[in-house]
Amino acid sequence: VQLQASGGGLVQAGGSLRLSCAASGSIFSANVMGWYRQAPGQIRELVAHIRSGGSTSYADSVKGRFTISRDNANDTVYLQMNSLKPEDTAVYYCHLNMKRPGVEYDYWGRGTQVTVSS
């Protein structure tokens, strides 16, 4: 399984960016895809995730500003980031979790830099 993320970049505060992550390989139909981020000197933290059934979860810091969505037919997850703040600056990592009885898999994308200038 491979995760290919794209869409990072430099944006001014208040601006928007959209991240995409496409998974390829043997993907279980039931899975959770999401985005984590890691700022310099900080631990990696969950930004948002979405289950294959569509239920979502967000970090409090991004609620109301970020929207996660997915295209199950293409095993792709998106993160629409609006009203960006300088504190959103981080490397964003795509994540895929898959489970079956007795086995669990976690995969990570390479990371894409998001920089928000003040």
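For the structure itself, look to the data block above.
Okay, so let's go over this structure. This is a predicted model, so every value here is computed, not measured.

What follows deals with the pattern of salt bridges. Pairing of side chains with opposite charge becomes possible as their charged atoms draw close. Applying the stated rule across the entire model yields four salt bridges. Between D60 and K63 there is a salt bridge, with its nearest N and O atoms 3.0 Å apart. Each member of the salt-bridge network shares a partner with another, and the members are R37, E45, R65 and D88.

In this structure the tally under the stated criterion is three aromatic pairs. Residues Y36 and W108 carry aromatic rings whose centres are separated by 4.9 Å and whose planes lie at 65 degrees to one another, so their mutual orientation is edge-to-face. Residue Y36 is found in strand β4 (residues 31-38), and its partner W108 is found in strand β10 (residues 103-108); the two are separated by 72 residues along the sequence. Between the aromatic rings of Y105 and Y107, the centroid separation amounts to 6.3 Å while the plane-to-plane angle is 15 degrees, which identifies the pairing as stacked. Accessibility expressed as a relative area gives 32% for Y105, which makes it partly exposed.

A few words now on the sheet that holds strand β8 (residues 76-81). Two strands in a sheet stick together by hydrogen bonds in their backbones, pointing the same way (parallel) or opposite ways (antiparallel). Taken together, the four strands give an open sheet; going across it, the order is β1-β3-β8-β7, and neighbouring strands pair in antiparallel fashion. Of all strands in the sheet, those with a lone pairing partner are β1 (2-6) and β7 (66-71), marking the two edges. Across the sheet, the axes of successive neighbouring strands diverge by a mean angle of 15 degrees, strand direction being ignored. Of the pairings in the sheet, the one linking β1 to strand β3 (residues 17-24) comprises five bridges and is antiparallel in character. Across the sheet, residue Q2 finds its bridge partner in β3, namely S24.

One pass over the structure, following the stated rule, counts one disulfide. With a sulfur-sulfur separation of 2.0 Å, C21 is cross-linked through a disulfide to C94. Handedness of the C21-C94 disulfide follows from its S-S torsion of about -85 degrees: it is left-handed. Of this pair, C21 sits in strand β3 while C94 sits in strand β9 (residues 90-100); the two residues are 73 residues apart in sequence, bridging distant segments of the chain.

Rules of the game
- Residues numbered from 1 in each chain as written.
- Predicted model: local features only at pLDDT ≥ 70, side-chain atom pairs only at ≥ 80, totals over all residues.
- Heavy atoms only, no water.
- Salt bridge = Lys/Arg side-chain N within 4 Å of Asp/Glu carboxyl O.
- Phe/Tyr/Trp six-rings, centres within 6.5 Å; stacked < 30°, edge-to-face > 60°.
- Helix = DSSP H or I, 4+ residues; strand = E, 2+ residues; numbered from the N terminus.
- Buried < 20%, exposed > 50% of the residue type's maximum accessible area, 1.4 Å probe, protein only.
- Pairing = 2+ DSSP bridges.
- Axes fitted to C-alpha atoms, helices over the stretch in contact; angles between N-to-C directions.
- Disulfide = S-S within 2.5 Å.

Shape descriptors only; they carry no functional weight alone.
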